[in-house]
Structure formats: C-alpha cells, structure tokens
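# Topology and contacts: notes
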Amino acid sequence: MVEISTSILSIKEGEEASNFLELETAKTDYFHIDVMDGKFVEKNTYQKMIQNVSYLKRISNLPLDIHLMVEDVKEAIDDFLAVEPNIITFHLEACKSKEEVWEMIRYIKENHCRVGISVKPNTKIEEVYEFLPFVHLCLIMTVEPGKGGQTFLTDMLQKIETLKEYIEQHELELDIEVDGGINLKTAPAVKEAGANILVAGTAIVMAKNFKVIIDELKA
Ligand code: DX5
Ligand code: ZN
C-alpha cells in the first residue's frame, strides 16, 4: 500500500483553509510542502509556505513532508524545523560539495527530524548511493522542479527501478518518494517501479472529490 503526500503548491489563494480540512478528512498521509526560493528554481513560494506550515501546524496533526528547492539549504532547514515537520528533504544539486551533503544530513538529524535527499531528472541516481544508508527517504523528481501541473517524465521509471534494486541488494531501509506529474494514469507504473510514497498536487487539488482520487491513487 503506497502513501500519498499531497502537494499544496497549486491550492488557490484564499482556499487554503477549506482545502486543508478536506485533504485531512480525505486522509492524505502527508502534506507535501514545496519550498522554492526563486534561485534554485524560478518561483518563490518561501514566505507563503512558511505561513501555510504555521497554519497547518495549528489545525492538523498530519505529518509535514518538506521539500526544499532552495540554494541556502541550512537557512531553510532552520526556518522549517520550527514547525517540527516529519521529514525535511533537500536537493543533492543544491549542495556545493559532498561535505555539505553530510553536514545537512547530520544537521537535520541532530534536530530530531527525519531527512530525505532529492535528485532532479538529469542527476544520475548513483550520485546519492553513498548517502542512502544515512537518510530516511530518497525523492525522485519526475518533472523538472519548479512548478506544479507538469507532464510526468516516463524515462524516470527506469531510475525508480534502479534505486529500488539498489536498496534491496544493500538491504537498506528507506522510502522511495516520487514527485511530479503523478495522476491516475501515471501512478500504476510508478508503484510497479517501486515507489512507496507518491506526491500529487494538481491531480488531487483540481479533483472534485479529494477522497475519491486519494483512494484511487492508493489502490
Ligand atoms: C515541483 C514540486 C512538486 C509539484 C507536484 O517542483 O516539487 O511537488 O508541486 O505537482 P503536480 O502533482 O501537479 O506535478
Ligand atoms: Zn515537491
């Protein structure tokens, strides 16, 4: 059974409160928080996501799945640790050296938070292998990070399979999360390839009934 992490990025301005409550009753497993700084990616959602997580913290106990698409990873970790998220995931490509990757992993864990590492479509999955025994989750981007509503990149399926094989061969324990263009059409192949957490934004937020679509994505 896969878990669903609903990206709140595409929720319409002013409809956050009603959408969050409906998502909670629809039993999303996580709220996926897309933090963008306008530098690592073009869009800047930083302040909006700070507001959203503080609000979510007050009205819901559901776990927060923070996806940092930022250049200054350490600053963003500090800002989002404040709401005690379930997990903070940062991009390998945002780190200038391996030492910095190790430093971010250690820093997140020292602050009693689970840690994930994410790779963009063009980054080889082999580049994260050495970090995998020390993280809780690997987030494979199936679109170029930066906005919602993009089309799923099917050649990422091979990357998910390769990661799944590597995790099994090395008897590692970590979640494979997949993010970008996930919907009822693309979800089956992603689950088949080995993902156990699916991020979906547009597919859920644009649906009439959140519970129906979340249940179908999980099935
Ligand atoms: C893109 C974000 C994704 C995106 C998913 O940079 O990381 O989480 O919001 O949205 P959909 O499901 O619409 O592709
Ligand atoms: Zn995301």
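Scope of this entry: the structure provided in the associated data block. (Residues numbered from 1 in each chain as written. Chains lettered and ligands numbered in written order. Predicted model: local features only at pLDDT ≥ 70, side-chain atom pairs only at ≥ 80, totals over all residues. Heavy atoms only, no water.)

## Looking at the pairing of strand β4 (residues 87–91)
With five of five residues buried, β4 lies mostly within the body of the structure. Covered by surrounding structure in β4 are I87, T89 and H91 together with I88 and F90, the residues of both alternating faces. Of the strand pairs in this sheet, strand β3 (residues 64–69) and β4 are connected by three bridges, and their pairing is parallel. Opposite I66, over in β4, you have I88 as the bridge partner. Regarding topology, helix α3 (residues 73–81) serves as the crossover connection from β3 to the parallel β4, and that connection is right-handed. Of the pairings in the sheet, the one linking β4 to strand β5 (residues 114–119) comprises five bridges and is parallel in character. Paired with T89 across the bridge in β5 is G116. Each parallel crossover has a hand, and for β4 linked through helix α4 (residues 98–110) to β5 it is right-handed. (Buried < 20%, exposed > 50% of the residue type's maximum accessible area, 1.4 Å probe, protein only. Helix = DSSP H or I, 4+ residues; strand = E, 2+ residues; numbered from the N terminus. Pairing = 2+ DSSP bridges. Right-handed = clockwise from strand over helix to strand, strands pointing away.)

## With respect to helix α8 (residues 210–218)
In an α-helix there are 3.6 residues to a turn, and that puts residues three or four apart on one side. All of the buried residues in α8 are F210, I213, I214, L217 and K218. The buried residues of α8 occupy an angular sector of 135° when projected down its axis, which confines them to one face. Each element contacted by the buried residues of α8 is listed here: β1 (3–7), α1 (16–25), α6 (187–193), β8 (197–200) and α7 (202–205). (Arc of directions from axis to C-beta. Contact = heavy atoms within 4.5 Å.)

## Side note on the sheet that holds β3
Taken in spatial order, the eight strands of this closed barrel run β1-β2-β3-β4-β5-β6-β7-β8, and their pairing is parallel. The mean angle between the axes of side-by-side strands here comes to 25°, regardless of whether they run parallel or antiparallel. For strand β7 (residues 175–179) and β8, the ladder comprises three bridges, and the chain directions are parallel. Its bridge partner being in β8, D179 is matched across the sheet by V199. (Axes fitted to C-alpha atoms, helices over the stretch in contact; angles between N-to-C directions.)

## Digging into the coordination of the zinc ion (ligand 2)
For a metal with four donors in a tetrahedral arrangement, the ideal angle between donors is 109.5 degrees, while six donors in an octahedron ideally sit at 90 or 180 degrees. Those protein atoms acting as donors to the zinc ion (ligand 2) are H32 (NE2), D34 (OD), H67 (ND1) and D179 (OD), and they sit at 2.1 to 2.2 Å. One can describe the site at the zinc ion (ligand 2) as octahedral: its six donor atoms subtend angles covering 73 to 171° at the metal. Of note, the zinc ion (ligand 2) draws all its donor residues from one chain, in the sequence arrangement H-x1-D-x32-H-x111-D. For the pair formed by H32 and D34, the shared burial category is buried. (Donors = N, O, S within 2.8 Å, 3.2 Å for Na, K, Ca; no water. Tetrahedral: all angles 85-135°; square planar, octahedral: opposite > 155°, others 65-115°.)

## Concerning the site of ligand 1
Taken together, 20 residues lie around ligand 1, and G146, D179, G181, G201 and T202 are the ones closest in. Between ligand 1 and G146, the relevant distance is 2.7 Å, taken from an oxygen atom to a main-chain nitrogen or oxygen of the residue. Compared with its free state, where it exposes 380 Å², ligand 1 has 99% of that area covered by protein. Cavity membership is defined here by more than half of the atoms lying within 2 Å of grid points; on that basis ligand 1 lies in the largest pocket. When residues in the shell around ligand 1 are grouped by element, the largest group, three residues, is from strand β2 (residues 30–36). Residue composition of the shell around ligand 1, grouped by class: seven nonpolar, 10 polar and three charged. (Near = heavy atom within 4 Å. Polar contact = N/O pair within 3.5 Å; in protein donor to acceptor, adjacent residues only side chain to side chain. Areas by Shrake-Rupley, 256 points an atom, 1.4 Å probe, with all protein chains shown as cover. 1 Å grid on protein atoms, 1.4 Å probe; cavity = no way out; pocket = protein on both sides within 12 Å on 5 of 7 lines; lining within 4 Å. Sits in = over half its atoms within 2 Å of the grid points. Nonpolar A, V, L, I, M, F, W, Y, C, P; charged D, E, K, R; others polar.)

## Topic: the environment of G194
Tracing the backbone shows G194 in the loop between α6 and β8. In this structure the C-alpha to C-alpha distance between G194 and Y129, which are 65 residues apart in sequence, comes to 16 Å. Ignoring any residue separated from it by four or fewer positions in sequence, one finds G194 in contact with I160, K164 and I176.

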